[in-house]
Amino acid sequence: MSMTQQAAPAVDTPPAPGPKQSDGRTRQRPMALRLLARPEVGVFLGAVAVLVFFLFAAPPVRDGSSMANILYQSSTIGIMALPVALLMIGGEFDLSAGVAVVTSALTASMLSYQLTMNVWVGVIVALLVSLAIGAFNGWLLVKTGLPSFLVTLGTFLILQGVNLAVTKLVTGNVATDDISDMDGFSQAQKLFASTFTVGGVNVKITVVWWLVFAALATWVLLRTKYGNWIFAVGGNKHSARAVGVPVTFTKISLFMLVGFGAWFVGMHQLFSFNTVQSGEGVGQELIYIAAAVIGGCLLTGGYGSAIGPVFGAFMFGMVQQGIVYAGWNPDWFKAFLGVMLLGAVLINLWVQRTATRR
Amino acid sequence: MDRSSHPRSRRIAPVVAVAAAAALTLAGCSSSSGGKKSEEGAANASAGKATTPRMTVALVTHQAPGDTFWDTVRKGAEAAAAKDNIKLVYSADPNAGNQANLVQNAIDQKVDGIAVTLAKPDALKGVIGKAEKAGIPVVGLNSGLSDWKKLNLLEFFGQDESVAGEAFGKKLNEVGAKKVLCVMQEQGNVGLTQRCDGVAKTFEGKVDPQNVNGTDMPSVKSTITAKLKQDPSIDYVVTLGAPFALTAVQSVSDAGSKAKVATFDLNKDLIKAIKNDSIQFAVDQQPYLQGYLAVDGLWLYKNNGNYSGGGEQPVLTGPAFVDKSNVDKIGEFAAKGTR
């Protein structure tokens, strides 16, 4: 992937302005070690290791359509892991991200159905609702100074309850009605949930969106002022504020970005399954966070990349489906998943330690 | 890119634009097909109303939030309560300890009867004893077929999951299935395991169980696709909940497999799928009936001293098969969310 090269400069340079690195330390270290010290390299090696492992352990993985399936699974995690990673680099995280996906899908579906509107109306209102949830998280965090754990745990519980109660109140059931025969559905489905063929293999459009968003996020992080602000507020928000970084704006907009991601994945789920169950999404937030952490973002903020979580999400999809392709005893499913992921994180950690040790 | 302009106003501008666009579409853009308008005004089943004295019944289940199945149980219970002049208090928690607390809560409220599911009978043993000591009749429903007598419940309404699984297995023999994938949406759930085991008991071919992450549909879809790729000899996919059956249909087509899909439990989208042949059949334990009979059973006991099943045998509500032959009739009821 060419984005690795794109991601190469500047990631490990501290974003804080001030003296340039002229003490000579970085210059003395060999190129290979400097490369290894980047946040995405450890996870890249981990992902390659997992891929190679399953290419041997599970013969069906070698098939193109299997790889498309693995990439599809990775993309639904990956699209959310990207804004979650940016937020984490900005020093916060969001526990409400999993149920927010379902909130968005429920909003779009119920609004269109109950008012018998073109589904695009629902889609747009759902976007506004998702951005508003993000803005609320960010605003409450900035205004109160509470840790993001508490703020987003609160939103997580609120959304979980609202998803269920409102759906029940509006539809009389706990799942939404089928909207697949409504105006605008097929258009929206093309955008959010279509399939195209490459060399005889059916690829889901989410894979393309995932890579487009990753490229965009990488560019923003490395080439724009906003990207610098993200690193700055995640590193030390007081010194960031002192040098003129708009901390409040950056934090709130990062939460809204997570809202955007939740909307996009929510729309994918709605337009690929036609109905939404209100109890879904719980637990997914941890998978997004895990993909970002495996991708080299620190839980403490100020460090990470956008390309790392792409490999993090890929690793998740690879392991989860690889176990099935290998035909292993399904009772061990989650244990396998946990072991593989811990292994990947440890490789990641070891690579970084080795690379940064002098 | 101008990096020094005011980020706040830049942020607001698109939001305003989108809001305006939304307002415009709201004003002019309604769907000409589907939607609420096409839904027929279907009333719930209702009978006359009893004139017996008002009583209160607590229904305490192990429902996880947002599950369509339990919604139907609750609707049945509400229909019976409305008919019998009963105030129904519904509460639920998938955690057995919390469910026991909810039963205790009902005892404290001095209700006239308790209907309870016994997904984890041992955890509820103590609190059910307390209810009996307080003179409150308790009936069981849905899960706990093997334990309701040990706990001295009045009566029990439900489906034997193993019996349902066995009936399912026989049906698979009839339709000529050779190798079956049994998709479990919740790892370690006793009832789901009994279903797959029941299928394996009577089915003459091979049954492969497969766990999936039930709270994440894209993941369910990918996992079933992966399994069908890994083992192309699978010719029937069996799911243990209606929404997963509909997803499995997509997986089958993604995997380019010829496997057919059949499922436990029903919902209204599933009816459509049975009509257009994308799903072969569903076994229905009639959750509406479980909720209805449990509440009605308590009313009969209080007002006429009746025991359903004579207090000796459970009252079975399933397995009832829904396939192309009877789907039209049942479809009418499923559209209302009561089947």
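Keep in mind that this is a model prediction, so the values were computed, not measured.

## A word on the packing of aromatic side chains
Alright, step 1. This model, assessed by the stated rule, comprises 27 aromatic pairs over all chains.
Alright, step 2. A ring pair is formed by Phe185 of chain A and Phe271 of chain A, whose centres lie 5.2 Å apart and whose planes are at 55°; its orientation type is tilted. One end of the pair, Phe185 of chain A, is in helix α9 (residues 185-193); the other, Phe271 of chain A, is in helix α13 (residues 247-273), with 86 residues separating them in the sequence. No difference in accessibility class separates Phe185 of chain A from Phe271 of chain A, as the two residues are buried.
Alright, step 3. With 6.0 Å between their ring centres and 80° between their planes, Phe213 of chain A and Phe260 of chain A make a pair best called edge-to-face. In this pair, Phe213 of chain A is assigned in helix α10 (residues 205-223) and Phe260 of chain A in helix α13, connecting sequence segments 47 residues apart.
Alright, step 4. Connected via pairs of aromatic rings, a cluster forms that spans Trp120, Phe185, Phe192, Trp209, Phe213, Phe260, Trp263, Phe264 and Phe271 of chain A.
Alright, step 5. One Lys or Arg, Lys83 of chain B, reaches over the ring of Trp299 of chain B and ends 6.0 Å from the middle of that ring.

## Considerations on the side chain of Ser278 of chain A
All names here are of chain A.
Alright, step 1. For Ser278, the location among the structural elements is in the loop between α13 and α14 (284-294).
Alright, step 2. Residue class for Ser278 comes out buried when judged on its relative accessible area of 3%.
Alright, step 3. Looking at Ser278, its side chain comes within polar contact range of the main-chain oxygen of Val174, at 2.7 Å.

## Some remarks on the pairing of strand β6 (residues 179-184) of chain B
Taken residue by residue, a regular strand's side chains alternate between the two faces of the sheet.
Residue and element names in this part refer to chain B.
Alright, step 1. Of all six residues that make up β6, six are buried, and the element is covered over most of its length.
Alright, step 2. Where burial is concerned, the two faces of β6 agree: the one with Lys179, Leu181 and Val183 and the one with Val180, Cys182 and Met184 are both buried.
Alright, step 3. Inspection of the sheet shows β6 paired to strand β7 (residues 206-211) by six bridges, in the parallel sense. Of the residues in β7, the one forming a bridge with Leu181 is Asp208.

## What about the environment of Asn306 of chain B?
Residue and element names in this part refer to chain B.
Alright, step 1. Tracing the backbone shows Asn306 in the loop between α11 (287-304) and β11 (315-316).
Alright, step 2. Relative accessible area serves as the criterion here: at 31%, Asn306 is assigned to the partly exposed category.
Alright, step 3. Linking Asn306 and Leu154, residues 152 residues apart in sequence, is a C-alpha distance of 9.8 Å.
Alright, step 4. With residues up to four places along the chain from it excluded, the contact list for Asn306 reads Glu155, Leu300 and Tyr301.
Alright, step 5. Among the polar contacts made by the side chain of Asn306, one reaches the side chain of Asn304 at a distance of 3.0 Å.

## Brief notes about the packing of helix α10 (residues 268-275) of chain B against helix α12 (residues 327-334) of chain B
Residues and elements named next belong to chain B.
Alright, step 1. The geometry of α10 relative to α12 is characterised by a closest axis approach of 9 Å and an angle of 160° between their N-to-C directions. Between α10 and α12, the angle falls in the class roughly antiparallel. Crossing hand, α10 versus α12: left-handed. The residues of α12 that touch α10, namely those facing Lys268, Ile271, Ile274 and Lys275, are Val327, Asp328, Ile330, Gly331 and Ala334.

## With respect to the interface of chain A and chain B
Alright, step 1. Every contact between the two is made by 59 residues of chain A and, on the other side, 54 residues of chain B.
Alright, step 2. Here chain A meets chain B over a buried area of about 5200 Å², counting both sides, of which 54% is carbon and sulfur.
Alright, step 3. When the buried surface of chain A facing chain B is broken down by residue, Thr116, Phe273 and Val324 of chain A rank first, second and third, together holding 11% of it.
Alright, step 4. Across the contact surface, chain A and chain B share five salt bridges.
Alright, step 5. Across the pair Asp71 of chain B and Lys168 of chain A runs a salt bridge, and its minimum N-O distance is 2.6 Å.
Alright, step 6. Counting across the chain A and chain B interface gives 15 residue pairs in polar contact (both at pLDDT 80 or more).
Alright, step 7. Class assignment of the residues belonging to the side of chain A that touches chain B gives a composition of 23 nonpolar, 24 polar and 12 charged.

## A closer look at the sheet that holds strand β4 (residues 138-142) of chain B
Residues and elements named next belong to chain B.
Alright, step 1. Taken in spatial order, the six strands make up an open sheet running β2-β1-β3-β4-β5-β11, and their pairing is parallel. Each edge of the sheet is formed by a strand with only one pairing partner; in this case those strands are β2 (86-92) and β11.
Alright, step 2. Of the strand pairs in this sheet, strand β5 (residues 156-158) and β11 are connected by two bridges, and their pairing is parallel. Looking at β11, one finds that Gly158 is bridged to Leu316.

## Focus on the confidence of the model for chain A
Alright, step 1. On average, residues of chain A score 87 in pLDDT, and 91% of them are at 70 or above.
Alright, step 2. Scored below 50 in pLDDT, residues 1-15 of chain A makes 25 contacts in the model with residues more than four places away or belonging to other chains.

## Notes on the state of the cysteines
Residue and element names in this part refer to chain B.
Alright, step 1. For the structure shown, the criterion picks out one disulfide over all chains.
Alright, step 2. For Cys182, the disulfide goes to Cys196, at an S-S distance of 2.0 Å. For the disulfide bridge between Cys182 and Cys196, the dihedral angle about the S-S bond is near -90°, and by the sign convention the bridge is left-handed. Note that Cys182 is positioned in strand β6 and Cys196 in helix α7 (residues 190-202), a separation of 14 residues in sequence.
Alright, step 3. For Cys196, a relative accessible area of 4% translates into the label buried.

## Examining the pattern of salt bridges
All names here are of chain B.
Alright, step 1. The final tally for this structure, using the stated rule, is 24 salt bridges over all chains.
Alright, step 2. The partner of Lys171 in a salt bridge is Asp323, with the nearest N and O atoms 3.0 Å apart. A residue pair is termed long-range when its members are at least 10 positions apart, and Lys171 in helix α6 (residues 161-174) and Asp323 in strand β12 (residues 320-323) qualify at 152 residues. The exposure classification of Lys171 matches that of Asp323, with both residues buried.

## Here we look at unusual backbone geometry
Alright, step 1. Of note, the bond from Gly318 of chain B into Pro319 of chain B is cis; its omega dihedral lies within 30 degrees of zero at 0°.
Alright, step 2. Along the chain, Pro319 of chain B turns up in the loop between β11 and β12.
Alright, step 3. Even without a glycine there, the phi angle at Thr116 of chain A is positive, about 50°.
Alright, step 4. For Thr116 of chain A, the location among the structural elements is in the loop between α6 (97-114) and α7 (119-144).

## Observations regarding the sheet that holds β7 of chain B
All names here are of chain B.
Alright, step 1. Across the sheet, six strands lie side by side as β7-β6-β8-β9-β10-β12; this open sheet has mixed pairing. Of all strands in the sheet, those with a lone pairing partner are β7 and β12, marking the two edges. Strand-to-strand twist in this sheet, taken as the mean axis angle between neighbours without regard to direction, amounts to 20°.
Alright, step 2. Strands in contact with helix α9 (residues 242-254) are β8 (236-239) and β9 (260-264); relative to β9, the strand with the most contacts, it is inclined by about 170°.

## Thoughts on a nonpolar patch on the surface
Residues and elements named next belong to chain A.
Alright, step 1. A cluster of nonpolar residues, Phe44, Leu45, Val48, Val52, Phe56 and Ile347, forms a patch on the protein surface that exposes about 520 Å² of accessible area.
Alright, step 2. Tallying contributions element by element places helix α4 (residues 39-57) first for the nonpolar patch, with five residues.
Alright, step 3. If you trace the backbone, Phe56 turns up in helix α4.
Alright, step 4. Using a relative accessible area of 67% as the deciding quantity, one classes Phe56 as exposed.

## Some points on the environment of Leu95 of chain A
Residues and elements named next belong to chain A.
Alright, step 1. Within the secondary structure, Leu95 sits in the loop between α5 (64-89) and α6.
Alright, step 2. For Leu95, a relative accessible area of 9% corresponds to the buried category.
Alright, step 3. Placed 62 residues apart in sequence, Leu95 and Leu157 show a C-alpha to C-alpha distance of 9.5 Å.

## Concerning the side chain of Asp93 of chain B
Residues and elements named next belong to chain B.
Alright, step 1. One can find Asp93 in the loop between β2 and α4 (96-108).
Alright, step 2. Looking at Asp93, its side chain comes within polar contact range of the main-chain nitrogen of Asn95, at 2.9 Å.
Alright, step 3. Setting aside anything within four residues of it in sequence, one finds Asp93 in contact with Thr61, His62, Gln63, Asn98, Gln99 and Leu102.

The rules we used
Residues numbered from 1 in each chain as written. Chains lettered and ligands numbered in written order. Predicted model: local features only at pLDDT ≥ 70, side-chain atom pairs only at ≥ 80, totals over all residues. Heavy atoms only, no water. Phe/Tyr/Trp six-rings, centres within 6.5 Å; stacked < 30°, edge-to-face > 60°. Helix = DSSP H or I, 4+ residues; strand = E, 2+ residues; numbered from the N terminus. Buried < 20%, exposed > 50% of the residue type's maximum accessible area, 1.4 Å probe, protein only. Lys NZ or Arg CZ within 6 Å of the ring centre and 35° of its normal. Polar contact = N/O pair within 3.5 Å; in protein donor to acceptor, adjacent residues only side chain to side chain. Pairing = 2+ DSSP bridges. Contact = heavy atoms within 4.5 Å. Axes fitted to C-alpha atoms, helices over the stretch in contact; angles between N-to-C directions. Parallel < 35°, antiparallel > 145°, perpendicular 65-115°, else oblique. Left-handed = near helix turned anticlockwise from the far one by under 90°. Buried area = accessible area lost by both parts, 1.4 Å probe. Salt bridge = Lys/Arg side-chain N within 4 Å of Asp/Glu carboxyl O. Nonpolar A, V, L, I, M, F, W, Y, C, P; charged D, E, K, R; others polar. pLDDT = per-residue confidence, 0-100. Disulfide = S-S within 2.5 Å. Patch = residues over 30% accessible without salt bridge, like charges linked within 9 Å, V, L, I, M, F, W, Y side chains within 5 Å. Areas by Shrake-Rupley, 256 points an atom, 1.4 Å probe, with all protein chains shown as cover.

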